[in-house]
Amino acid sequence: MIKNRGFEVVKKCENHEINLPKRMTKNAAGYDIEAAEDTHFAPGEIVLVPTGLKSYMQDDEVLYLYNRSSFPKKRGLILLNAVGVIDADYYNNSDNEGHIFVQMKNIFEDEVKIGKGERIAQAVFAKILLADGDENAEKNSRNGGFGSTK
C-alpha cells in the first residue's frame, strides 16, 4: 500500500495510548489533534504541548495546525503563532523523529489545565505552490524542529 499522507505515533510514545487524529464529520477539513499528556498553563504562559504524533505527506504538501474554534473562548488557549506549519521534511527528522508539538498560550488570568486525550488543535493537509525561480528547494535539509531551518 502506498502511503500518501497520514499520522503515526512517535517511537517514544508508542506505549502511551495515543489516538491517531480523525475528522469528526464527513465534510470536516481538519483532523482533531489530542494532547499526549496532561499540561498546565500559568496565566500568560506559552507551552509546547506534545501530541505523540508525526505526520507523513508528499513533498509538495504541508500540514497546517489551527485553533479549534471553541478553544480560545472556552479554554483561553490559542496557538501562539496563529497557524502551525509542519513541512513534509519534518517527518522522521534526526532531531526528534518529527514529533508534532502545539505551541499554545494561556490568554486567561487563571491557570488552565488540559488533559491527556483532550482535542487541542485541528490539522489540515494542503498542497504547496513554489514561486518561479525557487532555488533553495533542493539545497537545504532539515535536522530538527522549531527554528531548525536557517
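Whatever comes next refers back to the structure up there.
Now for a look at the structure at hand. Counting starts from 1 at the beginning of each chain's written sequence and moves along it residue by residue. For this predicted model, a pLDDT threshold of at least 70 governs which residues receive local features, and a threshold of 80 or more governs which side-chain atom pairs are given and counted, while totals over whole chains, interfaces and linings are taken from all residues. Computation of side-chain values: all heavy atoms of the structure, hydrogens and water removed.

Observations regarding the sheet that holds strand 4 (residues 46-50)
Stage number 1. Following DSSP output, two strands are said to pair if at least two bridges run between them. Each helix is a run of H or I in the DSSP string that is no shorter than four residues. Each strand is a run of E no shorter than two, and both are numbered from the N terminus. Pairing in this open sheet of 3 strands is antiparallel, and the strands run 4-9-7 from one edge to the other. Because the sheet does not close on itself, it has two edges, and the strands there are strand 4 and strand 7 (77-79). When strand polarity is set aside, the average angle formed by the axes of neighbouring strands in this sheet is 40°.
Stage number 2. Looking at chain direction, strand 7 and strand 9 (residues 101-106) are connected through 3 bridges and run antiparallel. Looking across to strand 9, one finds that Leu-77 is bridged to Asn-106. To get an axis, a line is fitted to the C-alpha atoms, and for a helix only the part in contact is used. The angle between two axes follows their N-to-C directions and goes from 0 to 180 degrees.

A look at the packing of aromatic side chains
Stage number 1. Whether two aromatic rings pair depends on their centres lying within 6.5 Å, for rings of Phe, Tyr and Trp, where Trp uses its six-membered ring; planes under 30 degrees apart make the pair stacked, over 60 edge-to-face, and the rest tilted. Going through the model one piece at a time under the given rule, you end up with 5 aromatic pairs.
Stage number 2. Here a set of aromatic residues connected by ring pairs shows up, and it is made of Phe-7, Tyr-31 and Phe-125.
Stage number 3. Cation over ring: Lys-3 sits above Tyr-56, and NZ or CZ is 4.4 Å from the ring centre. A ring has a charge above it when a Lys NZ or an Arg CZ is no more than 6 Å from the ring centre and no more than 35 degrees off the ring normal.

Here we look at the side chain of Asn-106
Stage number 1. Looking at the secondary structure, you find Asn-106 in strand 9.
Stage number 2. For every residue, the accessible area (1.4 Å probe, protein chains only) is compared with the maximum for its type, and the residue is labelled buried under 20%, exposed over 50%, or partly exposed between those bounds. On the accessibility criterion, Asn-106 (1% relative accessible area) is buried.
Stage number 3. Polar contact is the term for a pair of N or O atoms within 3.5 Å; when the atoms are in protein, one must be able to donate a hydrogen and the other to accept it, and sequence-neighboring residues count only if both atoms are side-chain atoms. One polar contact links the side chain of Asn-106 to the main-chain amide nitrogen of Phe-108, over a distance of 2.7 Å.
Stage number 4. The contacts of Asn-106, once residues within four sequence positions are left out, are Phe-41, Ala-42, Pro-43, Gly-44, Glu-45, Gly-76, Leu-77, Glu-111 and Val-112. Contacts are assigned to residue pairs with any non-hydrogen atoms lying within 4.5 Å of each other.

With respect to the pattern of salt bridges
Stage number 1. What counts as a salt bridge is simple: a side-chain nitrogen of Lys or Arg found within 4 Å of a carboxyl oxygen of Asp or Glu. Enumeration according to the criterion identifies 9 salt bridges in this entry.
Stage number 2. Across the salt bridge formed by Lys-54 and Glu-8, the nearest N and O atoms sit 3.7 Å from each other. You can see Lys-54 sitting in strand 5 (residues 53-56) and its partner Glu-8 sitting in strand 1 (residues 6-9), a full 46 residues away along the chain.
Stage number 3. Here Arg-119 and Asp-32 are joined by a salt bridge, their closest N and O atoms 2.8 Å apart. Residue Arg-119 is found in strand 11 (residues 119-127), and its partner Asp-32 is found in strand 2 (residues 31-34); the two are separated by 87 residues along the sequence.
Stage number 4. For Arg-119, a relative accessible area of 30% puts it in the partly exposed group.
Stage number 5. A relative accessible area of 11% places Asp-32 in the buried class.
Stage number 6. One salt-bridge network, in which partners are shared between bridges, spans Lys-3, Glu-8, Lys-11, Lys-54 and Glu-97.

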